[in-house]
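Residue strings, one per chain:
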Amino acid sequence: MIDLNPDEDTLFGAMASACRRNIRKAQKSGVVIEEAPADPAFAGEFYDQLRDVFAKQNLVPTYSVERVRSLIRHLGPAGRLLLLRARDADGHCIATALLPWYHRTMYFWGGASYREHQHLRPNETLIWYAMRWARQHGVTEFDFVGGNSYKQKYGTTEVAVPWARRSRSPLVAHLRDAARHGYAIRQRTVARLTGAVG
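Described in the following lines is the structure provided in the data block.

Along the chain, the position of A95 falls in strand β4 (residues 93–102). On the basis of relative accessible area, A95 is assigned to the buried category, the value being 0%. Once you skip the residues sitting within four places of it in the chain, A95 turns out to touch Q49, L84, R85, A86, A112, S113, P122, N123 and L126.

What follows is the structure, given as structure tokens:
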């Protein structure tokens, strides 16, 4: 999570120095962030980039493009969804982000970019734009929705969310673990068979 109450200079200063450099680099390279209308066609752009993200890890996305379209269809008309595009100096869309928000919290639902353009650092710039947009609209929390080491560079605070599960039988716990392992194997197999690896 990031508390958006501090001013922009404080928020920017809380980021890792490499993250701040990447944002400046993107700006100097001509990367421009634009807000996209709540059009389900945006889902295709995002999903194409998402496939590229997963292919880097020899995987395929864990959900279909229809889930993205559904998010846009349901939250877009309510004005509770920020869709962002990063364009390079030539005007090509090189990264996208979907950020639903409600009351005082914005959620980083998804972000994706093409590997060939990641040297321009559009991802950090998308997040920085979203944080400033959220502050301007009265949002006070930015929730990255789950932990991952790359999120720490934005000056996040880790929030523990306790959970527990109990199975009636030890066999169910083993089956659950086996299903998770089987799903990971399936992801890699589908990626190889569809030629998504690259």
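Here we come to helix α4 (residues 65–75). Buried within α4 we find V65, V68, L71 and I72. Summarising the axial view, the buried residues of α4 lie within an arc of 120 degrees, below the 170-degree limit, and thus occupy one face. Away from its buried face by more than 90 degrees, α4 exposes R67 and H74. Each element contacted by the buried residues of α4 is listed here: α3 (42–55), β3 (81–87) and β4.

All right, on to the nonpolar core then. Judged by nonpolar contacts, the single largest core of 32 residues is most densely connected at L99, M106, M131 and F142. Secondary structure elements with two or more residues in this core: α1 (8–14), α2 (17–28), β3, β4 and α5 (122–136). The biggest single contributor to this core is α5, with 7 residues. Dropping the residues within four chain positions of it, M106 is found in contact with L82, L99, P100, W101, A130, W133, A134, V139, E141, F142 and D143.

How each quantity is defined
- Residues numbered from 1 in each chain as written.
- Predicted model: local features only at pLDDT ≥ 70, side-chain atom pairs only at ≥ 80, totals over all residues.
- Heavy atoms only, no water.
- Helix = DSSP H or I, 4+ residues; strand = E, 2+ residues; numbered from the N terminus.
- Buried < 20%, exposed > 50% of the residue type's maximum accessible area, 1.4 Å probe, protein only.
- Contact = heavy atoms within 4.5 Å.
- Arc of directions from axis to C-beta.
- Core = buried A, V, L, I, M, F, W, Y, C linked by side-chain atoms within 4.5 Å.

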